[in-house]
Amino acid sequence: MKFVLASNNKHKIAEIKSILSQNGCDIEISSLADIGYTEEIVEDGTTFEENALIKARAVATLGYIGIADDSGLCVEALNGEPGIYSARYAGEPCDHTKNNAKILKALEGIPMDRRGAAFVSVIACAHPNGSCFTVRGECHGVMLEALQGEGGFGYDPLFQPDGYACTFAELTFDEKNKISHRAKALTAFAESFPAFLKKHTF
Ligand code: IMP
């Protein structure tokens, strides 16, 4: 049976393959483009889990094992916003500069001890037989009062992970990938995936 990541992001496919392989699970993963899927998947869930499952199931209904991720930033003082709306926080299309400007404004005047936040990553897997599971990774930290650093993407220049004196944007690619929400979710996924496959496929 073919494995399909509900995305066209080659980097995400490589990242998932690599971490699965480190956990003894070597599989080929196709993209939506690889299977000729061109429809837009409407992510109208209310949680990361729901949205990741919507994407994974869209692929599973075609007879593939669907894998999908959904991630974002949840800020405590903003009642968990932007959350599932992280990419389009300042409107569509996604504009990281505008998103960062909007979140800085929303947090204006809020002291450092109330600027806690967490990056969240959820990975969902759906089998054509209707079975599915999700895993979640979180990285906690604080939102700074000004942009700091040039690396990474998205909200990285504003997010200082707990235990560090710099932002995600000041870490190297490898350093970030050791502690990130995505790395944690991927590790949890690699731990659950082989047993799920064994139970439902072989
Ligand atoms: P996606 O679900 O991976 O497409 O992420 C949705 C949005 O969440 C992105 O457009 C970013 O705004 C934000 N985001 C997710 N992961 C990260 C990260 O590692 N750094 C910065 N922003 C992120």
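Here the structure is a predicted model, which means the values were calculated and not measured.

Caption draft 1: Spotlight on the sheet that holds strand β5 (residues 132–143). Strand order in the open sheet formed by six strands is β2-β1-β3-β4-β5-β6, and the pairing between neighbours is mixed. Looking at the sheet topology across the chains shown, the edges are occupied by β2 (29–30) and β6 (159–161). Both strand β3 (residues 65–75) and strand β4 (residues 116–126) contribute to a ladder of ten bridges, which runs antiparallel. Note on β4: the bridge partner recorded for D70 is V122.

Caption draft 2: A look at the site of the ligand. Taken together, 15 residues are adjacent to the ligand, and S71, D156, K176, H181 and R182 come closest. Between the ligand and the protein, one listed contact pairs an oxygen atom with a side-chain N or O atom of K12 at 3.2 Å. Within the backbone of Y155, one N or O atom sits 3.3 Å away from a nitrogen atom of the ligand. With three residues, β3 is the largest single contributor of residues to the shell around the ligand.

Caption draft 3: View of helix α5 (residues 181–200). Taking 1.5 Å of rise per residue, 20 residues should cover 28 Å, and α5 covers 27 Å from first to last C-alpha, within 8% of that figure. Along α5, the helix axis deviates most sharply at S192, where the bend reaches about 30 degrees; the proline P194 sits within four residues downstream. Along α5, the residues that are buried comprise H181, R182, A183, A185, L186, F189, A190, F193, F196 and L197. On the buried face of α5, the contacting elements are β1 (3–5), α1 (10–22), β3, β4, β5 and α4 (173–179).

Caption draft 4: Main features of the nonpolar core. In this structure, L20, I29, I67, C125, F189 and F193 are the most contacted members of the largest nonpolar core, which totals 22 residues. Of all elements in the fold, only β1, α1, β3, β4, β5 and α5 reach the threshold of two or more residues within this core. The element best represented in this core is α5, accounting for seven residues. Core analysis: the second largest hydrophobic core is formed by 19 residues, I41, A52, A58 and A126 among them.

Parameters at a glance
- Residues numbered from 1 in each chain as written.
- Predicted model: local features only at pLDDT ≥ 70, side-chain atom pairs only at ≥ 80, totals over all residues.
- Heavy atoms only, no water.
- Pairing = 2+ DSSP bridges.
- Helix = DSSP H or I, 4+ residues; strand = E, 2+ residues; numbered from the N terminus.
- Near = heavy atom within 4 Å.
- Polar contact = N/O pair within 3.5 Å; in protein donor to acceptor, adjacent residues only side chain to side chain.
- Expected span 1.5 Å × (residues − 1).
- Bend = angle between axes of the 7 residues up to and from the residue.
- Buried < 20%, exposed > 50% of the residue type's maximum accessible area, 1.4 Å probe, protein only.
- Contact = heavy atoms within 4.5 Å.
- Core = buried A, V, L, I, M, F, W, Y, C linked by side-chain atoms within 4.5 Å.

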